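Structural characterization, general
Each chain is listed here by its residues.
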Amino acid sequence: MSKRFTSLALTAHPPAATRRGRGRSRRVVAPFTAVSVLVAGAALAGCGQQRDADTYTVMNSSTDESYHRWDAEAMARCGKELGVTIEQQSVPAAQVMTKALRMASSKSLPDIVQFDASEMPTFADAGGLVDLRTLGLSTDDIPDGIVDFGSYKGTYYGAARSVNTLALFYNKDVLDKAGVEVPTTWAELRATAKKLTQGKQYGLALSAGGAEDGVFQFTPFMWSNGGDETDLDGPKVVEALDYWKGLLKDRSLSKSTVNWTQADVNDQFMAGNAAMMINGPWQVETLNSDESLHWGIAPIPVPEAGDDSVGPLGGAVLTVPNTGDEAREKTAGKIVACLASEKEQLTYALNSWMVPANAKAAAVWREKVPELDSLADQVAVARSRTAKLGAGWSSVSLALQSAFQSALTGQSSETALKRAQQRATSGN
């Protein structure tokens, strides 16, 4: 066995929108100290336990009943096509990275791991993933931004079945009654949110909590304003955080926003406690469960008319761990190719309300769910959080989370972000 992890210390973090930050469950960002103790010099799974030659395991975070069922059905179809049995092992989203690292140390990695795309670079940086192109996977019909979403340092490690981003959801009845249009600029959003704040109803709900949810929701404001994650105390980032502070000062946001996850935000919107919210398509199934709620969706407002609304790409990617068993890795690659095929992507996206990663599948998806067409437009210009920093994103995320808590509870944005930049640079 020559394939091994390199020694390193790394920080794991959650995805942005899993109803926490892929969208489905809250993940608490916690640093992994001395991860090198777990993985340094550890021979990978292929040289460990004996495995059933015709049974392959996929580890993911599909603990929700619906997502688990959809994945199981897709795996059954692909297993039948490839003549193998595919078993699903679902763990809470916050535990995927931790469990993968521990399994690497004990030489028991599954054949496929579905990481949140923001976490994938951490595992790739440790030498733990196989280049999917060497396993025969093509990126021909995948937009460049989504290829980058599944890549680390130019190597394609993760195949996305679907992607998501954030958008502005609004209560049609509330806006109609108030006689206001859907806002498109920051000035319009602030004025509209202020007008719609009445009684127990806030004009807008968003997540600024101390987890990746808040960071995921801040990026559209930071990026659309020209801010950058490599310069957290730059004027454009300060301006974006000051904008959030202005909404809070207007009382258009609840003070509880510093504690809310994206799921909490959706609960407030559905309860009539918010006229608008920033959220993602993973909430659509829940929104549609209330037939009396008439909601619409639009791009997140931008600083000035004509600016691009640049949101974060969210979602998960299917990866093949570097186990040293090349035969199993090759078959695992075929399984990933099947699960990420145009047909399977469309099926998964229609179930989950996400946007297919494959351009051809996305075109069909637009026709089938025209009410979410603006979401597909926003995905087209969305960015991966890890595109610039790779595994270094985790330090930035942690630093921003602390900055939100400080700035939204009284500290100046400039001071909070200056400290965030120091923390991101030093790792402390």
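Okay, so let's go over this structure.

Analysis parameters
- Residues numbered from 1 in each chain as written.
- Predicted model: local features only at pLDDT ≥ 70, side-chain atom pairs only at ≥ 80, totals over all residues.
- Heavy atoms only, no water.
- Core = buried A, V, L, I, M, F, W, Y, C linked by side-chain atoms within 4.5 Å.
- Buried < 20%, exposed > 50% of the residue type's maximum accessible area, 1.4 Å probe, protein only.
- Helix = DSSP H or I, 4+ residues; strand = E, 2+ residues; numbered from the N terminus.
- Pairing = 2+ DSSP bridges.
- Axes fitted to C-alpha atoms, helices over the stretch in contact; angles between N-to-C directions.
- Salt bridge = Lys/Arg side-chain N within 4 Å of Asp/Glu carboxyl O.
- Polar contact = N/O pair within 3.5 Å; in protein donor to acceptor, adjacent residues only side chain to side chain.
- Contact = heavy atoms within 4.5 Å.
- Patch = residues over 30% accessible without salt bridge, like charges linked within 9 Å, V, L, I, M, F, W, Y side chains within 5 Å.
- Areas by Shrake-Rupley, 256 points an atom, 1.4 Å probe, with all protein chains shown as cover.
- Lys, Arg positive; Asp, Glu negative; His and termini not counted.
- Charge placed at Lys NZ, Arg CZ, Asp CG, Glu CD.

Quick word on the nonpolar core
Nonpolar side chains tend to gather and get buried jointly when the protein is soluble and globular. One finds Phe115, Trp295 and Trp365 to be the most contacted residues of the largest nonpolar core, which totals 75 residues. Considering each element in turn, this core owes the most residues, six residues, to helix α3 (residues 96–105). Formed by 53 residues, the second largest nonpolar core is a distinct cluster that contains Phe218, Leu232, Leu253 and Val258.

Topic: unusual backbone geometry
The phi dihedral of Lys107 is positive, around 60°, even though this residue is not glycine. Examined against the element boundaries, Lys107 turns out to sit in the loop between α3 and β5 (112–116). The exposure class of Lys107 is partly exposed, given its relative accessible area of 34%. Located in the positive-phi region is Trp353, a residue other than glycine, with phi close to 70°. Relative to the helices and strands, Trp353 is located in the loop between α13 (342–352) and β15 (355–356). For Trp353, a relative accessible area of 18% gives the class buried.

Some words on the sheet that holds strand β13 (residues 295–298)
Strand pairs in the sheet, formed through backbone hydrogen bonds, run parallel or antiparallel to each other. Read across the sheet, four strands follow the order β11-β12-β10-β13 without closing on themselves; strand pairing throughout is mixed. Lying at the two open borders of the sheet, with one neighbouring strand each, are β11 (202–205) and β13. Averaged over all pairs of adjacent strands, the angle between strand axes in this sheet comes to 20°, irrespective of strand direction.

Some points on the pattern of salt bridges
Under the definition given, this model contains 13 salt bridges. Measuring nitrogen to oxygen at the nearest pair gives 2.9 Å for the salt bridge that ties Glu229 to Arg383. Placement of Glu229 in the loop between α8 (212–224) and α9 (235–249) and of Arg383 in the loop between α15 (373–380) and α16 (393–407) is noted, with a sequence separation of 154 residues between them. You can call Arg383 partly exposed: its relative accessible area is 24%.

Quick word on the side chain of Ser254
Of note, Ser254 is situated in the loop between α9 and α10 (262–270). Judged by its relative accessible area of 7%, Ser254 falls in the buried class. A polar side-chain atom of Ser254 sits 3.0 Å from the main-chain amide nitrogen of Ser256. When residues no more than four places from it in sequence are discounted, the contact partners of Ser254 are Tyr202, Leu248 and Trp260.

Thoughts on a negative patch on the surface
A grouping of Asp231, Asp233, Glu239, Asp242, Glu304, Asp307, Asp308 and Glu414 is seen on the molecular surface, where their side chains present a negatively charged patch. Checked against the element boundaries, Asp308 lands in the loop between β13 and β14 (316–319). Residue Asp308 is classed as exposed on the basis of its relative accessible area, which comes to 52%.

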